[in-house]
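Examination of the molecular architecture
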Amino acid sequence: MGTAYTPGLKVSPDAIVHKTRRLPVKGTVLVKVGDVVQPDTVVARAELPGDLETVRLAERMGMDADELQGSVKISVGQKVEKGQLLAEVKGFFGFFRTQVNAPSQGTVEYYAEVTGNLGIRKAPVPIEINAYVRGAVSEVLAGEGVIVAARGAFIQGIFGVGGERQGDILIACASPADVLTTDRIPQDCAGKVLVGGSLVGIDALNKAAERKAAAVVVGGILNQDLRAYLGYDLGVAITGDENVPLTLILTEGFGAIPMAERTFSLLRALQGRGASVNGATQIRAGAMRPEIIVPHAAVAQSSGLGPGSEGPPASGTAGLLAAGTPIRAIREPYFGQLGEVADLPPEPVRIGTGAVVRVLRMKLTDGRVVEVPRANVEIIER
Amino acid sequence: MTVRPEDLRLVLATDCGSTTTKAILFEKKPEGWRQTFRGEAPTTVEAPFEDVTIGARNAITEVEELSGRRILDPAVTDTLKFLTPAGDKDGIDLYVSTSSAGGGLQMTVAGVVRTMTAESAERAALGAGAIVMDVLSVDDRRKPHERIARIRHLRPDIVLLSGGIDGGTREHVVELAETLLAADPKPRFGRTLRLPVVYAGNKDVAGAVEALLKEHFGFQVVPNIRPVLERENLGPARAAIHEVFLTHVMSHAPGYDKLIAASPVPIISTPHAVGVMAEEAARRRGIDLLAVDIGGATTDVFSVCKTVFNRTVSANLGMSYSVSNVLLEAGIDNICRWLPFPADPNVIQGCLRNKMIRPTTIPQDLSDLIVEQAVAREALRLAFLHHRSLAVGLKGVQQERTISDAFAQTATGESLINMKDVSMIIGSGGVLSHAPDRRAAALMILDSFEPEGITELCVDSIFMMPHLGVFSSVHPDAAQEIFEHDCLVYLGTSVCPVFRKVKPGAPLLAYKLEGPSPAAGTLLCGALVRMELPLGASAKLTIEPAHRSVDVGAGPGKPVERTVRGGHAGLMLDGRGRPLVLPKSAAERVAANKRWMEAFGLELPEK
């Protein structure tokens, strides 16, 4: 068969992660290959072109555009100060002058004779990008940014809201099946990445935000609680820019779903360690999923952090299902259940909807063996 | 390279969609052109692969395995090299492709007046297969800085700038160019690429606009899309958009240089190819026609009415990536109203959110499938509403009116779509093409499009209209032959009377069917009745209205006699009225949905 792979979410105690840190416009890179960087290290800087302010000369002077010739006192490309004279007409006998002055400092970018409008480009706005994750610079993208390589634990969630944050991991629930309730939000969770179990409600989220937690990582949330947290209903699944007090990462999905034991155990082992988290999610082919990165204590510059040390999964080998592959069901009626592939019947099978599809037999953790469409499982990647 | 249709015997076509790349083999058999094998694989335009040809190769490999024919040169693995020409066991004669990967062609358009030049610009872009991200106009009630912020936020592939008839307004057009300059938007692909801007406005200010923009953008001028108020001239702008899409945008998308090099025929956007087939089907039959493609991210609607072709795309209405947006736009109550069982809206919303975050999953049990089909009804309904708002005559045109026109209150900008004139509706996309029971697809189309009069309902068997659309640019007759034989699956014929002031349960019409399974009876107001009329069969249908307001297409109270075509759902008599109004009480709604599904022979969930 052609390459039919089942993508899964990565949950690894030791992975090499490359994060591309790119400026929106060309600028200056401030670090070099091999430099050790901290999450807040500024790695590149640029200047965004300032806003272009349109001055409606003809309109302000009460004239038609073609009558303005000779009245404009500046030329394209000229720098102007705030208040500087841009255009002037004299009335009868030199009296009743009408003047238009520059509303701001900048450079005259254009003057359109058709409209009688003039554009002043304001001073550039400086922007900086930081390293986001502790690691080493593995590649410099000339004038654009860098690639930072980090070695450590790497956990992908399924969905998140809120952007990049940093904080120490703090386990708030004793088991992955526990609900993260308000009484489980510690007093001293400011700046921490709180790890819950199966569910978090709006009250607990608000309490964590009130206590200045950096992020909450949990198995699931109810749709109505997410709406309450965001203040609106989510439409298209492109997130990361929400104006929310803390980043929320779901590892399993919507509803009360115990966090996968493997994920929870790994996070528990990372208690107290510094993490970089990002809730940004884009669900498309080649999806962007939310992430938790916990770099190892020492930045091992010589242990494979060079460019290309973690390439894309090779076509035809990554994510292939086989007997014994650990999987999770991702749709009803077995949604959230864990198990392993028991068997992969080659022939398509008629399922409950009447559709004839390729299935697999899944051995659940309670020992039952059930039939599930292959499209409805994901591999638990290591 | 010139391709001679008479030399073709085996043609391979791919469609690189946003989720899946589909490869299809067309073969010339003794009995005619046929579609023979199909393979598919995930699209690989985005990370981690970032090379569209990997997915295409995987899909083609599946066709090779199924057909037992070697198609790709095994010695070349880093690009698509085909064995040509076709031999007995190896090779093909031609490779063609369409693409909507990476989100398809995304455009921002601008015009002076929203309902005139801006609307023409929108139609030009949509007809060229684009997703229109925003329509800017001088009268769009946004302040200049708001327009600038919006343009900056969007990252279109192409901007279409129009405005003013030739000899008309100058200032407003140049102001739009100034706004564009101030925003300085960046293209999605190719960081070194200058964003292409196609100018199709008042020719008198083309020079002034060019002077403003040529340093910052990839600028080109084409004839005005609205040279005079009474006429649209969309062709040159559409041609320029195709050209720019191929030469600038796609060549910067990952792997497309190799895809373009693999075919002697220009790659076209998927919706454009579907539009070509829809337009040709309507032209050959001489009918008004609707077609819809409901995908994971977007829903495209095509209409050919009174020979005018229109296409719209609802960019955020779809069954997987965009399913939450359907929920948002339609509202949970509107989705739940199509369910034949009581449901907790919060549970349904949770299920749909989970579909959004795991978009490739499929329903495993019946109730889950029915929820998806309810969402599809709302996505289709909203997409069709959007289409009707754009498939209109030109606005702002002065018309000579007679006294009768004045009394009839006719206005410019009327919808071109008269449902009684629409003779065929073609559905496409997974939820329709791959519905486990094709009768369910018929009911979805009936509920969401609300056809009137007598209409044939079809689905695209395996979503091959894009492949046929691009193939038809080389061999239109072969493409049509495959379209009729292998692509169109007839669901049957719907008969939907329009009426008023008829009480529920009262007789609407008497019908008589003469054919393989003769039948006669009375359709009551509010009823939905289905009769077997097998695929490939036809029958004579006679209808006699029982009320003077009942109109089945010939006019109120007029009898109709027609030959009707059968299909998977047979003959469907829909006496529910137009517009279709569902009962207000939840219990009655559930009962009505149950009745309708039972009428169509559809299985109901046990719980």
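Residues numbered from 1 in each chain as written. Chains lettered and ligands numbered in written order. Predicted model: local features only at pLDDT ≥ 70, side-chain atom pairs only at ≥ 80, totals over all residues.

1. So, the nonpolar core
To be explicit about the condition: Note on definitions: a nonpolar core is a set of buried residues drawn from Ala, Val, Leu, Ile, Met, Phe, Trp, Tyr and Cys, linked by C-beta atoms within 7 Å. Put simply, a residue is buried when 20 or more other C-beta atoms lie within 10 Å of its own C-beta and exposed when 12 or fewer do; between those, it is partly exposed, and each C-beta is set from the backbone. Any two residues are considered in contact once their C-beta atoms, placed from the backbone, lie within 7 Å.
Ranked by size, the top nonpolar core spans 278 residues in total, and within it A:V216, B:A125, B:L160, B:V198 and B:I241 carry the most contacts. Once you skip the residues sitting within four places of it in the chain, B:L160 turns out to touch B:M107, B:V109, B:A121, B:A124, B:A125, B:V198, B:A200, B:A237 and B:I241. Residues A:L57, A:A58, A:V108 and A:I120 belong to the second largest nonpolar core, which totals ten residues.

2. Focus: the domain arrangement of chain B
Residue and element names in this part refer to chain B. Spelled out, the test is: An automatic or database domain assignment provides the domain bounds reported here. Secondary structure follows DSSP: runs of H or I at least 4 residues long count as helices, runs of E at least 2 residues long count as strands, and numbering of each begins at the N terminus.
Here the domain parsing of chain B yields domain 1 (5-101), domain 2 (104-258) and domain 3 (288-599). Within the residue set of the side of domain 1 that touches domain 3, elements represented by two or more residues are β1 (10-16), β2 (20-29), β3 (32-42) and β4 (94-99). Looking at the side of domain 1 that touches domain 3 element by element, the count peaks at five residues for β3.

3. Brief notes about helix α12 (residues 366-390) of chain B
To keep it simple, the criterion reads: In a helix, the anticipated span is given by 1.5 Å times the number of residues less one.
In this model, α12(B) (25 residues) spans 36 Å end to end at C-alpha, consistent with the 36 Å of a helix rising 1.5 Å per residue. A large share of α12(B) lies buried, amounting to 18 of its 25 residues.

4. Section: the interface of chain A and chain B
Basically, it comes down to this: Under the scheme applied here, ten amino acids are nonpolar (Ala, Val, Leu, Ile, Met, Phe, Trp, Tyr, Cys and Pro), four are charged (Asp, Glu, Lys and Arg), and all others, including Gly, are polar.
Listed per partner, the contact involves 46 residues of chain A and 56 residues of chain B. At the level of secondary structure, the elements contributing two or more residues to the side of chain A that touches chain B comprise β5 (52-56), β9 (106-112), β10 (117-121), α3 (223-230), β20 (247-254) and β28 (369-373) of chain A. Looking at the side of chain A that touches chain B, its residues break down into 25 nonpolar, 17 polar and four charged.

5. What about the pairing of strand β12 (residues 135-141) of chain A?
All names here are of chain A. Defined as follows: Criterion used throughout: strands pair if DSSP finds at least two bridges between them.
Pairing of strand β3 (residues 36-37) with β12, which is carried by two bridges, proceeds in the antiparallel orientation. From the neighbouring strand, V37 faces β12, where its bridge partner is G135. Relative to strand β13 (residues 145-156), β12 is paired through five bridges, and the arrangement is antiparallel. Opposite V140, over in β13, you have V146 as the bridge partner. Two successive antiparallel strands, β12 and β13, enclose a turn made up of three residues, where G143 displays a positive phi of approximately 75°.

6. Thoughts on the environment of B:L193
With respect to the element layout, B:L193 can be found in the loop between α4 (171-183) and β8 (196-199). Sequence spacing of B:L193 and B:H248 is 55 residues, and the spatial spacing of their C-alpha atoms is 7.9 Å.

7. A word on the sheet that holds strand β15 (residues 453-460) of chain B
Residues and elements named next belong to chain B. Definition in use: Note on method: axes are straight lines fitted to C-alpha atoms, helices fitted across the in-contact stretch only, with angles between N-to-C directions ranging 0 to 180 degrees.
Judged by pairing direction, the sheet is mixed, and its eight strands sit side by side in the order β13-β12-β11-β14-β15-β16-β22-β19 without closing on themselves. Edge positions in the open sheet fall to β13 (308-314) and β19 (528-531), since each of these has one partner strand only. Going across the sheet, the axis of each strand differs from the next one's by a mean of 20°, ignoring polarity. Here eight bridges tie β15 to strand β16 (residues 488-496), and the two strands are oriented antiparallel to one another. When the bridges of β16 are listed, I454 appears paired with V495.

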